[in-house]
Amino acid sequence: MIENFNQTIKDVQSIKILPTILDVIVQSTGLGFAVVAKVTSKKWVTCAVKDNLEFGLVPGDELDIKTTFCRDVRRTNTLVVIDHVNEDEKFCNNPIPIQYGFQSYISVPIVLQNGTFFGTLCALDPSPNKLNNSKVIGMFTAYAELISFHLDAIEKLRLKDLEIQKKDFLLESFDFVSSHDLQEPLRKIQMFTSVILEKNCETLKSETIRCLNSIKTESQRMRNILNDLLVFSEFKKSSQEFVPVDLNVIVENVQKRLSKDFSECNGEIVIGDLPKVPIMPDQIEQLFYNLMINAITFKSNDCNLELSITCKIEHGSNLAYEKLDIGTKYCKLVFTDNGIGFDPRYNEKIFGMFNRLDTEKQSHSTGIGLTIARRITENHKGFIIANGELNKGATFTVYLPMTQ
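The rules behind each value
Residues numbered from 1 in each chain as written. Predicted model: local features only at pLDDT ≥ 70, side-chain atom pairs only at ≥ 80, totals over all residues. Heavy atoms only, no water. Core = buried A, V, L, I, M, F, W, Y, C linked by side-chain atoms within 4.5 Å. Buried < 20%, exposed > 50% of the residue type's maximum accessible area, 1.4 Å probe, protein only. Helix = DSSP H or I, 4+ residues; strand = E, 2+ residues; numbered from the N terminus. Contact = heavy atoms within 4.5 Å. Salt bridge = Lys/Arg side-chain N within 4 Å of Asp/Glu carboxyl O. Axes fitted to C-alpha atoms, helices over the stretch in contact; angles between N-to-C directions. Parallel < 35°, antiparallel > 145°, perpendicular 65-115°, else oblique. Left-handed = near helix turned anticlockwise from the far one by under 90°. Pairing = 2+ DSSP bridges. Phe/Tyr/Trp six-rings, centres within 6.5 Å; stacked < 30°, edge-to-face > 60°. Lys NZ or Arg CZ within 6 Å of the ring centre and 35° of its normal. Expected span 1.5 Å × (residues − 1). Polar contact = N/O pair within 3.5 Å; in protein donor to acceptor, adjacent residues only side chain to side chain.

Moving on, we get to the nonpolar core. Grouped together as the largest cluster of nonpolar side chains are 40 residues, with contacts concentrated most on Leu 247, Ile 284, Phe 288, Met 292, Leu 333 and Phe 396. At the level of elements, helix 9 (247-257), strand 9 (276-279), helix 11 (281-297), strand 10 (306-315), strand 11 (329-337), helix 12 (369-379), strand 12 (383-389) and strand 13 (393-401) are the ones that each hand at least two residues to this core. Looking at which element gives the most residues to this core, the answer is helix 11, with seven residues. Residues in contact with Phe 396, not counting those within four places in the same chain, are Leu 291, Asn 294, Leu 333, Val 334, Phe 335, Phe 342, Ile 350, Phe 351, Leu 370, Ile 385 and Ala 386. Listed in part, the 39 residues of the second largest apolar core include Val 45, Phe 118, Tyr 143 and Ile 189.

With that settled, the discussion passes to unusual backbone geometry. With a phi angle near 55°, Glu 54 is a residue other than glycine that sits in the positive phi range. Positionally, Glu 54 belongs in the loop between strand 2 (44-51) and strand 3 (62-63). Despite not being glycine, Asn 266 has its phi angle at roughly 50°, a positive value. On the secondary structure map, Asn 266 appears in the loop between helix 10 (259-264) and strand 8 (268-271).

One pass over the structure, following the stated rule, counts nine salt bridges. Across the pair Lys 50 and Asp 23 runs a salt bridge whose closest N-O atoms are separated by 3.6 Å. Of this pair, Lys 50 sits in strand 2 while Asp 23 sits in helix 2 (residues 18-29), placing them 27 residues apart in sequence. Taking the shortest distance from any N to any O, the salt bridge between Arg 345 and Asp 343 comes out at 3.4 Å. Arg 345 gets classed as exposed once you look at its relative accessible area, which sits at 62%.

Here we take up the packing of helix 9 against helix 11. With their axes 9 Å apart at the nearest point, helix 9 and helix 11 run at an angle of 55° to one another. As far as their axial angle goes, helix 11 and helix 9 are oblique. Relative to helix 11, the crossing made by helix 9 is right-handed. Across from Leu 247, Ile 250, Val 251, Asn 253, Val 254, Gln 255 and Arg 257 in helix 9, the residues of helix 11 making contact are Pro 281, Ile 284, Glu 285, Gln 286, Phe 288, Tyr 289 and Met 292.

Here the focus is the sheet that holds strand 6 (residues 117-125). Taken in spatial order, the six strands make up an open sheet running 3-2-1-6-5-4, and their pairing is antiparallel. Across the chains shown, the open sheet's two edge strands, defined by having one partner strand only, are strand 3 and strand 4 (80-82). One ladder, built from seven bridges, connects strand 1 (residues 33-39) with strand 2; its direction is antiparallel. By the bridge assignment for strand 2, Phe 33 is matched with Asp 51. Sheet contacts for helix 5 (residues 134-157): strand 1, strand 5 (104-111) and strand 6; angle to strand 5, the most-contacted strand, approximately 35°.

Here we take up the packing of aromatic side chains. For the structure shown, the criterion picks out ten aromatic pairs. Taken together, the ring pairs in this structure connect Phe 69, Phe 91, Phe 102 and Tyr 105 into an aromatic cluster. The ring of Tyr 289 is capped by Arg 257, whose NZ or CZ atom sits 4.1 Å from the centre of that ring.

Further remarks concern the sheet that holds strand 8. In space, the five strands of this open sheet follow the order 8-10-11-13-12, with mixed pairing throughout. The open sheet is flanked by strand 8 and strand 12, the only strands paired with a single partner. Averaged over all neighbouring strand pairs, the angle between strand axes comes to 15°, with direction disregarded. Note: strand 12 against strand 13, seven bridges, orientation antiparallel. What sits directly across from Ile 385, in strand 13, is Thr 397. The strands touched by helix 9 are strand 8, strand 10 and strand 11; relative to strand 8, the strand with the most contacts, the crossing angle is about 170°. Across the sheet, helix 12 is in contact with strand 12 and strand 13; its angle to strand 12 comes to roughly 145°.

Next up on the list: helix 5. The first and last C-alpha atoms of helix 5 sit 34 Å apart over 24 residues, in line with the 34 Å expected at 1.5 Å per residue. Two or three places before Lys 135, at the opening of helix 5, Asn 133 has a side-chain oxygen 3.2 Å from that residue's backbone nitrogen.

This paragraph deals with the environment of Leu 390. Inspection of the secondary structure assignment puts Leu 390 in the loop between strand 12 and strand 13. Taking the C-alpha atoms as reference points, Leu 390 and Ile 340, 50 residues apart in sequence, are found 6.2 Å from one another. Residues within four places of Leu 390 in sequence aside, it is in contact with Ile 340, Gly 341, Phe 342 and Asp 343.

Shape descriptors only; they carry no functional weight alone.
Right, dumping it as structure tokens:
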């Protein structure tokens, strides 16, 4: 491998959502192997891979470019898609499928925003699969565009201060998904999948039904992520006037929004005496909502949910948090639950975008809610910290200045 591919592989590997993309591709199409490859006129290099076929490629491995369809994809900047090699007049005698032993195949170009060809998003399987249709091609195209955006964003981030890098990257992520209207193809994927299930439920094999249901579930999950990115973008800066608001009213509003969720999990919420605080009301209501829905999402299966919200007002000098201004008075809000909790070493990581620490419950979480919570506290010149204890619960402490 040529040395200058090292950074490219690191960049691709740093895209946090990429493993989910490859996993969704494999689950929703039935293809056993999916890969993101860097493709030049002379090189084909593995950057990220999901391999259920034991194909054997790992990041950094190369294939002879002459033995790949990706060379044609690069030349023409158009995809290659094959449902069944043996029945395809164009490809049935091609040596490439014979060499690698596949019958179904798709390769979609990844083109950077400046028009530069980066590589391909590919998948294949030794069995035939229905790939040459608008649903599958639309999904691959959308994911290729998402990967392209992240690669462009990563390159831009190298030129900025680390903290600025993180913020701009998150903001540009939403601008991309918004401008490319990913909601619509996801909606169509769900719609077409539902039609197939409804019209053919008696004739479809159980494994096919399972895969189609997985497509619906993962598509909805992606739509939820996009919706949360929309919320995140709305709160990317201080966009409202600060007004004194009774936090009890904020809690009542959120309780109404979550009444069904609390009822379904037999949840109980205990609220202390909350003061009036100068805030941007819509943002703080979203903050309370995200912390309360987080407690519901990660509740324990062994007991009913108990969530408490307490408050006290103190000068920064009297509060045990080193980032506070000692001369400023703060409203200290503490959200405590008895849920599944998390390892204390993730107290900081949990606020990162797309960071979900519990694999069993990750389908119910977009991994953005706590990122939004931190952004809102920053907009208020405040702070939020997390403290978890595995299988015992979590505590989120919010510090809001009493003067703005």
